[in-house]
Amino acid sequence: MNLKARLAIMNFLEFAVWGAYLTCMSNYLGSAGLGDLIPWFYSIQGLVSIFMPTIMGIIADRLVQPQRLLGLCHLLAGAFMLGCWWIGYSTGLGNQIEQRSLFVVLYTLSVAFYMPTLALSNTVAFSTLKRNGYDTILDFPPIRVLGTVGFIAAMWFVNCAAYTSDEGFFFSVTDESRFQYSFMQFGVSAVLGFVLAVYSFTLPKCPIVKKEGKISLSESFGLNAFRLFGQKKMALFFIFSMLLGMSLQVTNGYATPFITSFSGVAEYAHTFGANNATLLTSLSQISEALCILMIPFFLKRFGIKTVMLIAMIAWVLRFGFFGIGNPGDGLWMFILSMIVYGVAFDFFNVSGALFVEQETDASIQASAQGLFMLMTNGIGASVGTLAAGAVVDHYCHWEGKYLLGDWQTTWLIFSGYALAVAVLFVLFFKTKKGEA
């Protein structure tokens with residue numbers, strides 16, 4: 001099979017594992033009596049990203065080939081996610097989970113081994129492409145597109161797939177037993193994780209780059225990637241990556257319960273959008289898939305500063321359109337919010353990974369990608385999710401399975417934050433003319 005096709009399949013499965021539950025998990029947690037813990041479920045992804053990607057990056061740089069470590073991580077993550085499914089299955093649909101602590105522990109362990117794979121999959125792709133003479137800026141984005149396609153495919157599947165003891169397995173856009181509302185989404189994620197674990201061991205070897213001569217203590221532990229903070233441009237890049245990373249989990253955690261909340265409002269209760277939040281949210285990933293293809297042009301033409309600024313403005317619009325839209329006559333604003341998400345996510349996340357790859361030495365590639373993950377999906381996402389949770393809890397509250405309240409003010413606060421970060425970025429992040 002073509003090398004790029006094999007890497008594309010890897011990316012498809014990598015993000016399908018995540019897409020099976022990331023955007024619809026809140027719906028299930030609310031109905032299972034865990035609605036008060038939604039900020040923590042999303043911040044856990046950030047908290048483990050503070051150290052796990054870095055640790056796994058060090059291991060990949062020093063001890064275990066990245067593609068093998070990728071497989072091991074998915075094997076463990078899938079096993080723990082299957083445990084979450086089992087607790088939900090044992091509890092039953094519509095019932096509140098009594099083993100709350102065990103559920104949280106299993107979810108945490110699963111996420112702890114999944115989050116490093118986002119950086120590891122990038123390392124495998126970059127290493128494989130470079131060793132075979134490909135241009136990562138030109139050839140990686142089309143491969144990464146398949147990751148977004150995988151995320152979308154998983155979202156559509158759990159949005160429409162349903163199972164009952166009477167009817168068995170079937171597809172629907174209205175039935176309340178659909179996977180997006182149940183523990184079945186965790187089972188789907190676990191199965192996909194096991195498939196990717198097996199597939200990872202078949203990928204081309206990524207040799208560990210060993211440095212010749214005497215190795216310092218910091219190098220032996222892989223900590224030399226942190227020396228990138230000694231470069232002003234890289235330090236500012238990582239700091240703003242953290243600040244922008246605070247926006248990443250906001251819509252992952254609250255977009256679906258926000259849209260679903262309109263089902264609890266008589267005026268919008270029977271609209272298609274309110275009853276198919278996961279399907280509607282998937283438009284964000286479709287936009288993401290298309291925007292990835294624009295990255296090579298924008299990076300080469302405008303450089304990293306302009307590309308990241310565009311991403312920040314897109315976040316302002318993403319939150320703003322949510323604040324003034326609705327699933328009825330304001331559905332078009334929701335759709336616009338989904339469209340700009342592609343720019344908001346890709347022009348920051350994917351371009352950032354490419355920027356790190358271009359600016360760092362091959363001997364610390366995995367560690368540097370892990371550091372980027374630490375700042376974005378680690379510190380940034382953790383602080384952002386907890387802060388967003390505090391804002392949502394102040395303006396909204398659970399009524400049965402719906403999270404109702406003043407969502408407009410909530411989203412406009414998030415939009416104002418993104419605008420403030422954009423202004424600071426323009427003032428402080430400087431690059432030389434013609435520099436990436």
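None of the values given here were measured: they were computed from a predicted structure.

Rules used throughout
Chains are numbered independently. Their residues run from 1 in the order of the written sequence. The predicted nature of this model means local features are confined to residues of pLDDT at least 70 and side-chain atom pairs, given and counted, to a pLDDT of 80 or more, with totals for whole chains, interfaces and linings taken over all residues. Only heavy atoms go into the side-chain values, all of them from the structure, while hydrogens and water stay out. Counting from the N terminus, the helices are DSSP H or I runs at least four residues long and the strands are E runs at least two residues long. The size measure is the radius of gyration over C-alpha atoms, and the globule rule it meets is 2.2 Å times the number of residues to the 0.38 power. Only protein chains enter the area calculation, which uses a 1.4 Å probe; residues under 20% of their type maximum are buried, those over 50% are exposed, and those in between are partly exposed. We call two residues in contact whenever any of their non-hydrogen atoms come within 4.5 Å of each other. Only four residue types enter the tally: Lys and Arg on the positive side, Asp and Glu on the negative side; His and the chain ends are excluded. Where a charge lies is defined by one atom per residue type, namely NZ (Lys), CZ (Arg), CG (Asp) and CD (Glu). A pair of aromatic rings is counted whenever rings of Phe, Tyr or Trp (Trp by its six-membered ring) have centres within 6.5 Å, and the orientation is called stacked for planes under 30 degrees apart, edge-to-face for over 60 and tilted otherwise. Charge-over-ring contacts are defined here by two conditions on Lys NZ or Arg CZ: a distance within 6 Å of the ring centre and an angle within 35 degrees of the ring normal. pLDDT is a residue-level measure of predictor confidence that goes from 0 to 100. Comment: axis = line fitted to C-alpha atoms, over the contacting stretch for helices; angle = value between 0 and 180 degrees taken between N-to-C directions. Crossing handedness is read from the near helix: turned anticlockwise from the far helix by less than a right angle, it gives a left-handed crossing, and turned clockwise, a right-handed one. In this classification, Asp, Glu, Lys and Arg are treated as charged, Ala, Val, Leu, Ile, Met, Phe, Trp, Tyr, Cys and Pro as nonpolar, and every other residue, Gly included, as polar. Strands pair, by our definition, only if DSSP identifies at least two bridges between them. Among the buried residues, those of types Ala, Val, Leu, Ile, Met, Phe, Trp, Tyr and Cys that are joined through side-chain atoms within 4.5 Å form a nonpolar core. The rule for a salt bridge is simple: a side-chain nitrogen of Lys or Arg has to be within 4 Å of a carboxyl oxygen of Asp or Glu. In what follows, roughly perpendicular refers to angles from 65 to 115 degrees, roughly parallel to angles under 35, roughly antiparallel to angles over 145, and oblique to any angle outside these ranges. Within 3.5 Å is the distance limit for a polar contact, defined as a pair of N or O atoms, with the added protein rule that one can donate a hydrogen and the other accept it, and that residues adjacent in sequence qualify only through two side-chain atoms.

Novice: Please set out the overall build of the protein residue by residue, giving values where relevant.
Specialist: When its secondary structure is counted, the protein shows 17 helices and four strands. For 436 residues, the compact-globule estimate of 2.2 N^0.38 gives 22 Å, and the protein sits close to it at 21 Å. Overall size of the protein, expressed as C-alpha extent along the three principal axes, is 70 × 45 × 40 Å. Within the protein, buried positions represent 61% of all 436 residues. Sequence separation of 24 or more characterises 78% of the internal contacts of the protein that already satisfy a separation of 6 or more. With 24 positive and 23 negative side-chain charges, the protein shows a spacing of 17 Å between the two charge centroids.

Novice: Tell me about the packing of aromatic side chains, and please be specific about residues and values.
Specialist: All told, the structure shown has 44 aromatic pairs when counted by the stated rule. Between the aromatic rings of tryptophan 18 and tyrosine 114, the centroid separation amounts to 5.6 Å while the plane-to-plane angle is 45°, which identifies the pairing as tilted. Remark: tyrosine 114 occurs in helix H6 (residues 100–131) and tryptophan 18 occurs in helix H1 (residues 3–19); sequence separation between them is 96 residues. Judged on exposure class, the residue tryptophan 18 and its partner tyrosine 114 are both buried. Taking the centre distance of 5.1 Å and the plane angle of 85° together, the rings of phenylalanine 240 and phenylalanine 425 count as edge-to-face. In this pair, phenylalanine 240 sits in helix H10 (residues 232–245) while phenylalanine 425 sits in helix H17 (residues 407–428), placing the two residues 185 residues apart along the sequence. With respect to burial, phenylalanine 240 and phenylalanine 425 carry one shared label: buried. Directly above the aromatic system of phenylalanine 15 lies the positively charged group of arginine 144, at a separation of 3.9 Å from the ring centroid.

Novice: Kindly report on the environment of isoleucine 38, identifying the contributing residues and their values.
Specialist: Inspection of the secondary structure assignment puts isoleucine 38 in helix H3 (residues 38–49). When the C-alpha atoms of isoleucine 38 and glycine 253 are compared, they prove to be 7.2 Å apart, with 215 residues separating the residues in sequence.

Novice: Describe the confidence of the model for the protein, naming the residues involved and giving the relevant values.
Specialist: Per-residue confidence for the protein averages 84 on the pLDDT scale, and 93% of its residues sit at or above 70. Here helix H9 (residues 217–220) stands out as the element of the protein with the lowest mean pLDDT, 48, in contrast to helix H8 (residues 184–200), whose mean of 96 is the highest.

Novice: An account of the packing of helix H14 (residues 295–324) against helix H15 (residues 331–359) is requested, with residue identities and associated values reported.
Specialist: Orientation of H14 relative to H15, taken along the N-to-C sense of each, is 145°, at an axis distance of 7 Å. The two elements H14 and H15 meet at a crossing, and its hand is left-handed. In terms of residue class, the contact of H14 with H15 is built from 28 nonpolar, two polar and two charged.

Novice: Just give me the short version of the pairing of strand S3 (residues 396–399), but keep the residues and values in it.
Specialist: Inspection of the sheet shows S3 paired to strand S4 (residues 402–405) by four bridges, in the antiparallel sense. In the sheet register, histidine 397 faces S4, and the bridge partner there is leucine 404. Taken together, S3 and the strand that follows it, S4, pair antiparallel across an intervening segment of two residues, in which glycine 400 is found at a positive phi of about 70°.

Novice: Give me the lowdown on the nonpolar core, citing residues and values where you can.
Specialist: Judged by nonpolar contacts, the single largest core of 121 residues is most densely connected at Phe103 and Phe237. The greatest single-element share of this core, amounting to 15 residues, is contributed by H6. Apart from residues lying up to four places away in sequence, phenylalanine 237 is in contact with Ile304, Met308, Gly352, Phe355, Val356, Phe372 and Phe429. Among the nonpolar cores identified, the runner-up in size contains eight residues, and Ala16, Ala154, Val158 and Phe179 belong to it.

Novice: I'd like a description of the pattern of salt bridges, backed by residues and values.
Specialist: With the rule as written, the count across this model stands at three salt bridges. In this structure, arginine 100 and aspartate 36 form a salt bridge, with 3.4 Å as the shortest nitrogen-oxygen distance. Separated by 64 residues along the polypeptide, arginine 100 in helix H6 and aspartate 36 in the loop between helix H2 (25–31) and H3 bring together distant segments of the chain. Between arginine 144 and glutamate 288 there is a salt bridge; the shortest N-O distance is 3.3 Å. Remark: glutamate 288 occurs in helix H13 (residues 277–292) and arginine 144 occurs in helix H7 (residues 136–160); sequence separation between them is 144 residues. Of the two residues, arginine 144 and glutamate 288, both sit in the buried class.

Novice: Can you lay out the packing of H7 against H13 for me, pointing to particular residues and giving the numbers?
Specialist: The contact between H7 and H13 brings their axes to 9 Å, and the two run at 170°. Considering the angle they form, H7 stands roughly antiparallel to H13. Within the contact between the two elements, H7 uses Pro141, Arg144, Val145, Thr148, Phe151, Ile152, Met155, Trp156, Val158 and Asn159 and H13 uses Ala277, Thr278, Leu279, Thr281, Ser282, Gln285, Ile286, Glu288, Ala289 and Ile292. Tallied by class, residues from the contact of H7 with H13 come to 12 nonpolar, six polar and two charged.

Novice: I'd like a rundown of the environment of alanine 162, residues and numbers included.
Specialist: Note on placement: alanine 162 falls in strand S1 (residues 161–164). Separated by 109 residues in sequence, alanine 162 and threonine 271 have C-alpha atoms that sit 20 Å apart.

Novice: Explain the environment of methionine 56 residue by residue, including any values.
Specialist: Mapping methionine 56 onto the fold places it in helix H4 (residues 52–62). Along the sequence, methionine 56 and cysteine 73 sit 17 residues apart, while their C-alpha atoms lie 9.1 Å from each other. In this view, methionine 56 contacts Leu69, Cys73, Phe113, Pro116 and Leu120; residues no more than four positions away in its chain are not counted.

Novice: Let's hear about the side chain of threonine 410: which residues, and what values?
Specialist: Of note, threonine 410 is situated in helix H17. A polar side-chain atom of threonine 410 sits 3.0 Å from the main-chain carbonyl oxygen of aspartate 406. Setting aside residues no more than four positions away along its own chain, threonine 410 makes contact with Val391, Val392, Tyr395 and Cys396.

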